[in-house]
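# Geometric and topological summary
Residue strings, one per chain:
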Amino acid sequence: YLREVVRERFSFEHMIAGSRAMRAVTDVAARVAPTEATVLLEGESGTGKELLAKAIHLHSARARGPFITINCGAIPENLLESELFGHRKGAFTGAITDKIGKFEAANRGTIFLDEVGELPLALQVKLLRVLQEREVDKVGDARAVKVDVRVLAATNRDVEKMVSDGTFRDDLYYRLAVVSIRLPPLRERADDLPFLVEHLLAKHDMRRGADARRHVDRAVHSAFNLYPWPGNI
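A short tour of the structure in this document, coming up. Treat the numbers as computed from the prediction; the structure is a model and nothing was measured.

Attention now goes to the packing of helix H9 (residues 193-208) against helix H10 (residues 218-226). For any two helices packed against each other, one specifies the crossing angle of their axes together with the interaxial distance. Relative orientation of the contacting elements H9 and H10 amounts to 120°, with a least axis distance of 10 Å. It follows from the interaxial angle that H9 and H10 lie oblique. Between H9 and H10 lies a crossing of right-handed hand. Residues Leu193, Pro194, Val197 and Glu198 of H9 form the contact with H10, whose participating residues are His221, Phe224 and Asn225. The class makeup of the residues in the contact of H9 with H10 is four nonpolar, two polar and one charged.

This is the structure we're talking about:
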């Protein structure tokens, strides 16, 4: 029952997508979800990339498996390899026990690599090997570990430009962007604003225990349409 509730909450039908741009996004996501294709979600911060990644996972054959998220830009470079692939005890100073990496933790499920554009080149090579060989090399271990993981990735950077600049490997980019979905910023999907506002008001009224739902005046919506919405949703 709980799985069904979560699946319903993250269903594509329940995503706020009144605009043509967002309907196109959810349409592609719904079609790619049942496949094993690697998906790259591109868009500014706050456009809903992680929410969409969860929906793709929950509508896939891996829905009963784990959904593991790692923010590649939030972990220091010297620790990121261990976080992704794990390590053996004694592999480096401070490695006092064996550690399972995120890829192993996501076995038979999905791993979501948020801000994948922040990966240093050395780790890009190792990630490419995982995608090609379906196995991870733990730090300090001579034996590779087989993993069965679907990869979803997201970035707010222009990865194609990074490829041309030489800061992101082209072979890794093509492996990640088997299907590429761009989430439009809020300023490009003004048709969704009334739905978002009503949804958020209802959510906060429910938290307050309010008896009557509040609504926003049309004049306020007109003002919202002129606002550029930095930070997006």
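Picking up after the structure, the text goes on.
Across residues other than glycine, the phi torsion is negative in most instances, and most of the peptide bonds are trans. One non-glycine residue, arginine 108, lies in positive phi territory at about 65°. Mapping arginine 108 onto the fold places it in the loop between helix H5 (102-105) and strand S5 (110-114). Phi at tryptophan 229 takes a positive value of approximately 55°, unusual for a residue other than glycine. By the secondary structure assignment, tryptophan 229 is in the segment after H10.

For leucine 51, the position within the fold is in helix H3 (residues 49-58). Considered as a pair, leucine 51 and methionine 15 are 36 residues apart in the sequence and their alpha carbons are 9.0 Å apart.

Counting residues in each nonpolar core, the largest one holds 31 residues, and the members touching the most others are Leu84, Phe103, Leu113, Val116, Leu119, Leu127 and Leu176. Put simply, the parts of the chain that give this core at least two residues each are strand S2 (67-71), helix H4 (77-85), S5, helix H6 (121-133), strand S8 (150-155), helix H7 (159-165) and helix H8 (170-176). Beyond its immediate stretch of four places on either side in the chain, leucine 84 contacts Ile70, Gly101, Lys102, Phe103, Leu113 and Leu119. Formed by 20 residues, the second largest nonpolar core is a distinct cluster that contains Ala33, Val39, Leu41 and Ile181.

So, on to the packing of aromatic side chains. If you walk through the whole model with that rule in mind, you get five aromatic pairs. With a centroid separation of 5.8 Å and 25° between ring planes, the pair formed by phenylalanine 85 and phenylalanine 103 is classed as stacked. With phenylalanine 85 in helix H4 and phenylalanine 103 in helix H5, this residue pair connects regions lying 18 residues apart in the sequence. By the burial criterion, phenylalanine 85 is buried, and phenylalanine 103 matches it.

For a regular strand, the rule is simple: side chains alternate between the two faces of the sheet. By the alternation rule, side chains of strand S9 (residues 179-182) split into Val179 and Ile181, which are all buried, and Ser180 and Arg182, of which none is buried. Strand direction decides the pairing type here: strand S1 (residues 39-42) and S9, joined by four bridges, are parallel. By the bridge assignment, valine 39 is partnered in S9 with valine 179.

Parameters at a glance
For every chain, the first residue of its written sequence is number 1, and the numbers climb from 1 along that sequence. Per-residue local features are limited, in this predicted model, to residues with pLDDT of at least 70; the limit for side-chain atom pairs, both in listing and counting, is 80 or more; totals at the level of whole chains, interfaces and linings are taken over all residues. Only hydrogens and water are removed before side-chain values are computed, so all heavy atoms of the structure are retained for them. Where helices are involved, their axes are fitted lines through C-alpha atoms of the stretch in contact, as for all axes, and angles between N-to-C directions lie from 0 to 180°. Numbering of helices and strands starts at the N terminus; helices are DSSP runs of H or I of at least 4 residues and strands are runs of E of at least 2. Oblique is the label for any angle not under 35 degrees, not over 145, and not in the 65 to 115 range, which are roughly parallel, roughly antiparallel and roughly perpendicular in turn. The crossing is said to be left-handed when, going from far helix to near helix, the turn is anticlockwise and less than a right angle, and right-handed when the turn is clockwise. We call two residues contacting when some pair of their heavy atoms lies within 4.5 Å. Side-chain classes follow a simple rule in which Ala, Val, Leu, Ile, Met, Phe, Trp, Tyr, Cys and Pro form the nonpolar group, Asp, Glu, Lys and Arg form the charged group, and the remainder, Gly included, forms the polar group. Throughout this description, the term nonpolar core refers to a set of buried Ala, Val, Leu, Ile, Met, Phe, Trp, Tyr and Cys residues connected via side-chain atoms within 4.5 Å. Think of it in three bands: residues with accessible area under 20% of the maximum for their type are buried, residues over 50% are exposed, and the middle band is partly exposed, with areas taken using a 1.4 Å probe on protein chains only. Centres within 6.5 Å make a pair out of two Phe, Tyr or Trp rings, where for Trp the six-membered ring is used; the pair is then stacked when the planes are under 30 degrees apart, edge-to-face when over 60, and tilted otherwise. Strands are treated as partners if at least two bridges between them are detected by DSSP.

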